[in-house]
Amino acid sequence: MRGFVAVFKREMLGLWVTPLAWIVTAVFLTLQGWSFYTLVEYYAKFTTVSVDQGPLQAYFVSPFIVMSLMMICPALSMRLFAEERRSGTIEALLTAPVSAVGVVFGKYAAVLATYGLMWLPTLAYPIILRNTGHVDWPVVASSYLGIFGIGASYLSIGMFMSAMTRSQLIALVLTIMVLFGTFILGLGEFIFDEGPLRDMCTHISVRGQLGDFAKGIIDLRRVVLDATAIGLPLFMTVRVVDSWRFG
Amino acid sequence: MIEVKNLYKDYGTVVAVHDVSFEVKAGEVVGFLGPNGAGKSTTLRMLAGFLGATSGEIRINGFDIVEDAMSARKSIGYMPEMCPLYGEMRVGEYLRFRSELKGVPRRDRKSDVDTAMTDARVSHMSETRIQHLSKGYRQRVGLADALIGRPPLLILDEPTAGLDPNQIREVRRLIRGLAGKHTVLVSTHILSEVETTCDRAVIIDKGRTVASGTIDQLRTERRTLGAVLRLHDPVDTLAAVLDSAGGLSSWSQTITTELGVELSANETSPYSRVSVEYAPSPLPTQDVLEQIVKALVASGVGVREATETKASLEDVFAQLTRDTGGGPTESQPATVVDDSEEAST
């Protein structure tokens, strides 16, 4: 893990000194705020629907979140390696006494932290709701866990794609394609008949995951799936970085 | 400090480096010389541990670049070609990042960065964003970066590329100033750079080493082209004398006065300056001058001075890089650019 801290700090600086993280965060928070506002409005008007779920649950399962994550995570991760390879700074980085693991994890930790910072202001939503009603905090925590898992796996996949190309745009498009692909697979839940195929699609489904976690259900299978979707691309990225050096 | 043995790099379709071996001893400033595309950068990248070699062995400061990669890389301050830097960072910020990355202990970082900035003369730019720097300053920041952590070995890939003549002189001066404190391997395609800054040169072409030695050794490889004579007597007798001197199958003469003005045939002047160009001769060239002087003295012409004119290192370089390899590119002269050409690009 040599170089982890230095790479993490530089990456954070690179993200927040340039407009990228600010723009992404601003767009993200505007959309989320709008989504939350309309949901609260809706539940305030039709009190009968709030019997089995409140606006918070509805907020966390809204397809809006999945859609915005599929755009925002790739935008955050696209530059991680592609930019360094295009500009050549990767040469200075890798000739320093750092390990591939340190570089990859440092970069990943930085986008993950940025992702966390992006979500941080949304904590205001349950706090606002607490003034008018009851908030089930453990469920809020599990909802955030679900969102964290999805974001972390998206960012990991995005970083791997960024290591595969020198073009940020190609990294972005490739990542969105992969993420959209998994989303479409999840829709198989509504297409296939009862059977293993449908079960598989149900378990892959990002919406399914958000739904479960928003209800406070932490399914180990989903946790394992997320861990795999985080760990495998990370591992492959480390191998790719090593391969530049010893190709 | 550097030991390179039988280094090969095969890019699949192109063999970029073909059996390169050389050694750099501690304290030396060595020029790594070759025309563009000779495999200089590829070799340096392999030395710096950025590229893996197809085969061969590299030891830096006694550490194998593959087995002891961390120790080897810690011993190197590497400045990549074109000097890529993070544009959004400030100079001081960037150098502090590099010192952390290179594992400089926290308490030494500030002083280390400050010394590097002073040595590379960028201290006054420490708060400037790198993207706002001129090419010359970026190059200096790259040099400061290489100096971070006080590595015993500096590998600089074309540090003067793309600079104006003043900046080139400045960077050379910086490199020269580093000699003694560091071992330096500096790549370039400019010969005069090696002459002014280096003790020794390794010349490669088409991925092979074609020559290596001290600058003086390389100079002795220069072919003697002719001689300049300062004579007391009128020069119109010279033709007859030279014809009588043995070993000169043909020669040409330009006659100039000491002021460098050409002399027409009927004009005569004492202390004439005559330059003689040798034709390819079977005699060793030092014997030719001896013969000429002997013949002149025997015929009563006063010789005040006799100096051999040698081929410039550029010619040696062109000759060396033309002789190797083969194939259709052989006839193309090697690209050797001197200062004046470089400045105009």
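Shown above is the structure to which this text applies.
Residues numbered from 1 in each chain as written. Chains lettered and ligands numbered in written order. Predicted model: local features only at pLDDT ≥ 70, side-chain atom pairs only at ≥ 80, totals over all residues. Heavy atoms only, no water.

Caption draft 1: Broad picture of the sheet that holds strand β8 (residues 183-188) of chain B. Residue and element names in this part refer to chain B. Read across the open sheet, the six strands follow the order β6-β7-β8-β3-β9-β10; overall the sheet is mixed. Edge strands, defined here as strands with exactly one partner in the open sheet, are β6 (76-79) and β10 (208-214). Geometrically, the sheet is characterised by an average inter-axis angle of 15 degrees between neighbouring strands, direction not taken into account. Two strands pair when backbone bridges link them, and strand β3 (residues 29-33) and strand β9 (residues 200-205) are joined in this way by four bridges, in the parallel orientation. Across the sheet, residue Gly31 finds its bridge partner in β9, namely Ala201. (Pairing = 2+ DSSP bridges. Helix = DSSP H or I, 4+ residues; strand = E, 2+ residues; numbered from the N terminus. Axes fitted to C-alpha atoms, helices over the stretch in contact; angles between N-to-C directions.)

Caption draft 2: Geometry of the pattern of salt bridges. Within the structure shown, the criterion is met by 24 salt bridges over all chains. With a closest N to O distance of 3.0 Å, Glu88 of chain B and Arg10 of chain A form a salt bridge. Taken together, the residues span two chains, with Glu88 of chain B in the loop between β6 and α3 (91-101) and Arg10 of chain A in helix α1 (residues 4-17). Arg10 of chain A sits in the buried class, given a relative accessible area of 4%. A salt bridge links Arg176 of chain B to Asp199 of chain B; its shortest N-O distance comes to 3.5 Å. (Salt bridge = Lys/Arg side-chain N within 4 Å of Asp/Glu carboxyl O. Buried < 20%, exposed > 50% of the residue type's maximum accessible area, 1.4 Å probe, protein only.)

Caption draft 3: The interface of chain B and chain A, seen in detail. At the junction of the two partners, chain B supplies 25 residues and chain A supplies 30 residues. Carbon and sulfur atoms supply 63% of the area that chain B and chain A bury against each other, a total of about 2,500 Å² over both sides. By the criterion of area lost to chain A, the three top residues of chain B are Phe50, Arg73 and Leu101 of chain B, representing 26% of everything that side buries. In this assembly, chain B and chain A are joined by three salt bridges. Our count for the contact surface shared by chain B and chain A stands at nine residue pairs in polar contact (both at pLDDT 80 or more). For the side of chain B that touches chain A, the elements supplying multiple residues, two or more each, are α1 (40-48), α2 (69-74) and α3 of chain B. (Contact = heavy atoms within 4.5 Å. Buried area = accessible area lost by both parts, 1.4 Å probe. Polar contact = N/O pair within 3.5 Å; in protein donor to acceptor, adjacent residues only side chain to side chain.)

Caption draft 4: The arrangement of the packing of aromatic side chains in detail. Under the definition given, this model contains 19 aromatic pairs over all chains. Taking the centre distance of 5.1 Å and the plane angle of 75 degrees together, the rings of Phe60 of chain A and Tyr144 of chain A count as edge-to-face. Residue Phe60 of chain A is found in helix α3 (residues 55-61), and its partner Tyr144 of chain A is found in helix α9 (residues 137-164); the two are separated by 84 residues along the sequence. Owing to a relative accessible area of 2%, Phe60 of chain A belongs among the buried residues under this scheme. Ring pairs connect the aromatic residues Phe28, Phe36, Tyr59, Phe60, Tyr115, Trp119, Tyr125 and Tyr144 of chain A, which therefore count as one cluster. Its guanidinium or amino end placed over the ring of Tyr86 of chain B, Arg10 of chain A lies 3.6 Å from that ring's centre, counting from NZ or CZ. Note that Arg140 of chain B overlies the ring of Tyr137 of chain B, its terminal NZ or CZ placed 4.5 Å from the centroid. (Phe/Tyr/Trp six-rings, centres within 6.5 Å; stacked < 30°, edge-to-face > 60°. Lys NZ or Arg CZ within 6 Å of the ring centre and 35° of its normal.)

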